[in-house]
Amino acid sequence: MRKPALQAAAIAAADDGDMALVRRALAREADAFRSIIKTHNQRLYRIARGVVRNDAEAEDIVQEAYMRAFASLDAFRGDASLATWLSRIVINEALGRLRKKKRIVAMPAEAQIIRFPLNPNDLNPSDDPERTMAQRQILGLVERATDSLPDVYRTVFVARVIEGLSIEETAELLGIRPETVKTRLHRARALVRKALDDEIGPVLLDAFPFAGRRCERLTQAVMKRLGFGD
């Protein structure tokens with residue numbers, strides 16, 4: 001089987017999996033809700049965080065987006081993947097919050113910088129403390145450089161570079177043309193590079209993780225709001 005055929009088969013299988021999971025959720029199966037939440041938590045959090053630039057608010061946005069999505073789950077027809085469908089809801093919720101905030105205050109408050117958990121190896125006491133500190137500083141610089149991007153560029157940058165969506169997926173998610181995605185991404189990269197090059201040069205843009213206890217906390221909060229116990 002040729003590669004395009006393999007990709008088409010994989011997409012079809014994923015779509016079938018989405019629909020099966022949605023049907024189970026519509027039947028009020030707790031494990032189905034939990035699976036949807038844990039599967040999509042990281043992507044949705046990163047997208048929300050990229051829009052509002054505040055980790056606590058991003059968590060709240062994702063939680064509200066889940067509630068909106070689950071309330072209208074019967075509207076999901078599989079025309080797009082479940083990930084894309086949920087991402088659109090998160091984008092709309094986040095942009096709505098941003099517009100509301102801008103109506104209230106002329107200048108937004110200074111963005112809160114996420115304190116990222118390091119990789120397990122980084123927590124090893126035998127590691128070089130200078131290396132650990134350098135990694136923290138690099139992540140802090142990347143976070144600040146990303147947060148400093150204008151809204152119109154930041155959402156594209158987060159979707160493409162941090163979340164890893166394709167040009168087409170990003171365009172569909174944001175409701176813009178692929179050519180616009182490319183233009184905004186080029187500008188966003190230039191702005192981030194300008195903010196970083198003088199201090200650290202090339203870096204690995206590994207930002208906005210959402211796993212472990214934070215993922216579990218949000219999952220439990222949504223499950224509780226859905227009426228499921230532990």
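Our subject in this report is the structure included herewith. Computed from a predicted model, the values in this text were never measured in an experiment.

## With respect to unusual backbone geometry
Positioned with a positive phi, Arg28 is a non-glycine residue whose angle comes to about 65 degrees. Of note, Arg53 is a non-glycine position whose phi angle comes to about 60 degrees, a positive value. When you line up the elements, Arg53 lands in the loop between helix 2 (30-52) and helix 3 (55-71).

## Quick look at the nonpolar core
Formed by 39 residues in total, the largest nonpolar core has its most connected members in Tyr66, Phe70, Trp85, Val222 and Leu226. Broken down by secondary-structure element, the contributors of at least two residues to this core are helix 1 (3-26), helix 2, helix 3, helix 4 (82-104) and helix 9 (212-225). Among the elements that line this core, the one with the most residues is helix 2, at 10 residues. In this structure Leu226 touches Arg28, Phe33, Met67 and Phe70, once residues within four positions along its chain are discounted.

## Things to note about the packing of helix 7 (residues 167-174) against helix 8 (residues 178-197)
Interhelical geometry of helix 7 versus helix 8 gives an angle of 105 degrees and a closest axis separation of 8 Å. Taken together, helix 7 and helix 8 sit at an angle that is classed as roughly perpendicular. Counting all contacts with helix 7, which are made through Ile167, Thr170 and Ala171, the residues of helix 8 involved are Pro178, Val181 and Lys182. Of the residues contributing to the contact of helix 7 with helix 8, the split by class is four nonpolar, one polar and one charged.

Parameters and conventions
- Residues numbered from 1 in each chain as written.
- Predicted model: local features only at pLDDT ≥ 70, side-chain atom pairs only at ≥ 80, totals over all residues.
- Heavy atoms only, no water.
- Helix = DSSP H or I, 4+ residues; strand = E, 2+ residues; numbered from the N terminus.
- Core = buried A, V, L, I, M, F, W, Y, C linked by side-chain atoms within 4.5 Å.
- Buried < 20%, exposed > 50% of the residue type's maximum accessible area, 1.4 Å probe, protein only.
- Contact = heavy atoms within 4.5 Å.
- Axes fitted to C-alpha atoms, helices over the stretch in contact; angles between N-to-C directions.
- Parallel < 35°, antiparallel > 145°, perpendicular 65-115°, else oblique.
- Nonpolar A, V, L, I, M, F, W, Y, C, P; charged D, E, K, R; others polar.

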